[in-house]
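In case you want the letters, here they are:
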Amino acid sequence: NGRLQPRAQFFLTECPLGHHYEYVTALLGHHPHRHAGKVTGLSAHGSRDERLLRALEAWLERIWSAREGRPYFFMLHSTHGATQDDPAFDQAIRQLLETRQTLFGDWSNMDLAWAIQYILERDVTALIERTIPRIDGQPICLAGGVFGNVKLNKLIKEMGFGQIFVQPAMSDSGLAFGGPLYQLGQEGSLRPYRLENVYLGPEFSDDEMEAAIRNEGLEARRYDPVEPKIAELLAAGRVVARFNGRMEYGPRALGNRTVLYRAADPSVNSWLNKQLGRTEFMPFAPATLFEHRHENYKNVDGGEYTAQFMTITFDCTEKMVRENPAAVHVDH
């Protein structure tokens, strides 16, 4: 009936899982608040090393028990919300990069990524087991920046939950949505409803789009309907940038602001990312017709709804691996 009932609560220092992932993201030379997904992708290339796991866990423990100076949490999360030109943030990044060399110089970035992904998966699943004694096919809903980690979400589903849903704007950006919903629930005026889409951002009129195209000195032709033309271009091996309707809310491109390409070409992950100015370790995400889901993915039942928002991964079938290698990661 729209109300939340707390089951357990934790102080940040008892459960700083997302922050640990951010610290290692910075340790590996990436922006801690923006590029954790790169670490998730990189982790599949690494392997287990017990000595590294012990060293990483000891270092993460020392961060929170530090008596001198401010822990990285306060340095990486500035009071005014921005990180650009913030001396404390820049100092933390420098210290983390130095730590990479002094403490973890014996290990590759891939193995470090594997280690922090393993620690995250182990600790989150343990937390869920402590909090939910009987899973037994229950549904689970997840929110918080940690659940931007699609590989973790897959593992949680496999713990035995019947249905899984991840709030599409799972990071702090979701507070703008969750805060009012929570208040309406407290007042009793909210009735839970199914979130059909997150096309909640700005949209632009035909006149505005035509003016933008003219200002760039580009030529344009109108197709109505445009979808058959898109299909024709994709079948011919062309890259299509689709700009349609209202922009997506949250971190995922869900069709309205999306770059499309055929998934049969595995080389796309290098050349298209280069053109887009990205250094990604994850493959591009596949768009799959609902009726073909079982042909392409394993254990998909109960995860279909949240998959529409690109918040979970599945293991791929041999057919998927063979026919769509551009969308299949090294761990399948």
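This one's a predicted model, so the numbers in the text were calculated from it and none came from an experiment. (Residues numbered from 1 in each chain as written. Predicted model: local features only at pLDDT ≥ 70, side-chain atom pairs only at ≥ 80, totals over all residues. Heavy atoms only, no water.)

Draft legend 1. Examining the pairing of strand E2 (residues 163–166) more closely. Two elements, strand E1 (residues 139–142) and E2, share 4 bridges in a ladder whose sense is parallel. Residue pairing in the sheet places Pro139 in a bridge with Gln163 of E2. For the crossover that starts at E1, traverses helix H7 (residues 150–157) and ends in the parallel E2, the hand is right-handed. (Pairing = 2+ DSSP bridges. Helix = DSSP H or I, 4+ residues; strand = E, 2+ residues; numbered from the N terminus. Right-handed = clockwise from strand over helix to strand, strands pointing away.)

Draft legend 2. Representation of the side chain of Thr125 within the structure. By secondary structure assignment, the location of Thr125 is in helix H6 (residues 109–131). Residues in contact with Thr125, not counting those within four places in the same chain, are Leu155 and Met159. (Contact = heavy atoms within 4.5 Å.)

Draft legend 3. Structural context of the pattern of salt bridges. Within this structure, the stated rule accounts for 13 salt bridges. Glu158 serves as the salt-bridge partner of Lys154, at 2.8 Å between the closest nitrogen and oxygen. Across the pair Lys229 and Glu232 runs a salt bridge, and its minimum N-O distance is 3.2 Å. Here the residue Lys229 and the residue Glu232 both occupy positions in helix H10 (residues 227–235), the gap between them amounting to 3 residues, near one helical turn. Overlapping salt bridges, with partners in common, bring together Glu57, Arg122 and Asp123 in one network. (Salt bridge = Lys/Arg side-chain N within 4 Å of Asp/Glu carboxyl O.)

Draft legend 4. Broad picture of a nonpolar patch on the surface. A cluster of nonpolar side chains, contributed by Val239, Val259 and Leu276, occupies part of the molecular surface with about 220 Å² of accessible area. Assignment of secondary structure puts Val259 in strand E4 (residues 257–260). Looking at Val259, the relative accessible area reads 38%, which means it is partly exposed. (Patch = residues over 30% accessible without salt bridge, like charges linked within 9 Å, V, L, I, M, F, W, Y side chains within 5 Å. Areas by Shrake-Rupley, 256 points an atom, 1.4 Å probe, with all protein chains shown as cover. Buried < 20%, exposed > 50% of the residue type's maximum accessible area, 1.4 Å probe, protein only.)

Draft legend 5. Highlighting the packing of helix H3 (residues 50–65) against H6. Packing of H3 against H6 leaves a shortest axis separation of 10 Å and a crossing angle of 65°. Here H3 is positioned roughly perpendicular relative to H6, judged by the angle of their axes. Crossing geometry of H3 relative to H6 is assigned as right-handed. Every residue of H6 that contacts H3 at Leu52, Leu53, Leu56, Glu57 and Leu60 is listed here: Asp111, Leu112, Trp114, Ala115, Ile116, Tyr118, Ile119 and Arg122. When the residues that make up the contact of H3 with H6 are grouped by side-chain class, the tally is 10 nonpolar, no polar and 3 charged. (Axes fitted to C-alpha atoms, helices over the stretch in contact; angles between N-to-C directions. Parallel < 35°, antiparallel > 145°, perpendicular 65-115°, else oblique. Left-handed = near helix turned anticlockwise from the far one by under 90°. Nonpolar A, V, L, I, M, F, W, Y, C, P; charged D, E, K, R; others polar.)

Draft legend 6. Molecular detail of the environment of Phe177. Assignment of secondary structure puts Phe177 in helix H8 (residues 175–187). Among all residues touching Phe177, those that are not within four sequence positions of it are Gln167, Tyr193, Leu195 and Tyr249.

Draft legend 7. Inspection of the packing of aromatic side chains at higher detail. Overall, the coordinates contain 11 aromatic pairs when judged by the stated rule. Residues Phe204 and Phe243 carry aromatic rings whose centres are separated by 6.0 Å and whose planes lie at 35° to one another, so their mutual orientation is tilted. Residue Phe204 is located in the loop between H8 and helix H9 (206–215), and its partner Phe243 is located in strand E3 (residues 240–243); the two are separated by 39 residues in the primary sequence. Look at Phe204 and you get partly exposed, because its relative accessible area is 40%. Through pairs of rings, three or more aromatic residues link up here, namely Trp59, Phe104 and Trp107. Directly above the aromatic system of Phe243 lies the positively charged group of Arg257, at a separation of 4.0 Å from the ring centroid. A cation over an aromatic ring shows up here: Arg293 above the ring of Phe290, its NZ or CZ 3.8 Å from the ring centre. (Phe/Tyr/Trp six-rings, centres within 6.5 Å; stacked < 30°, edge-to-face > 60°. Lys NZ or Arg CZ within 6 Å of the ring centre and 35° of its normal.)

Draft legend 8. Quick look at helix H2 (residues 36–43). Most of H2 is tucked away: 6 of the 8 residues are buried. Considered for burial, the residues of H2 that qualify are Lys38, Val39, Thr40, Gly41, Leu42 and Ser43. The inward-facing, buried residues of H2 contact helix H1 (17–27), H6 and H7.

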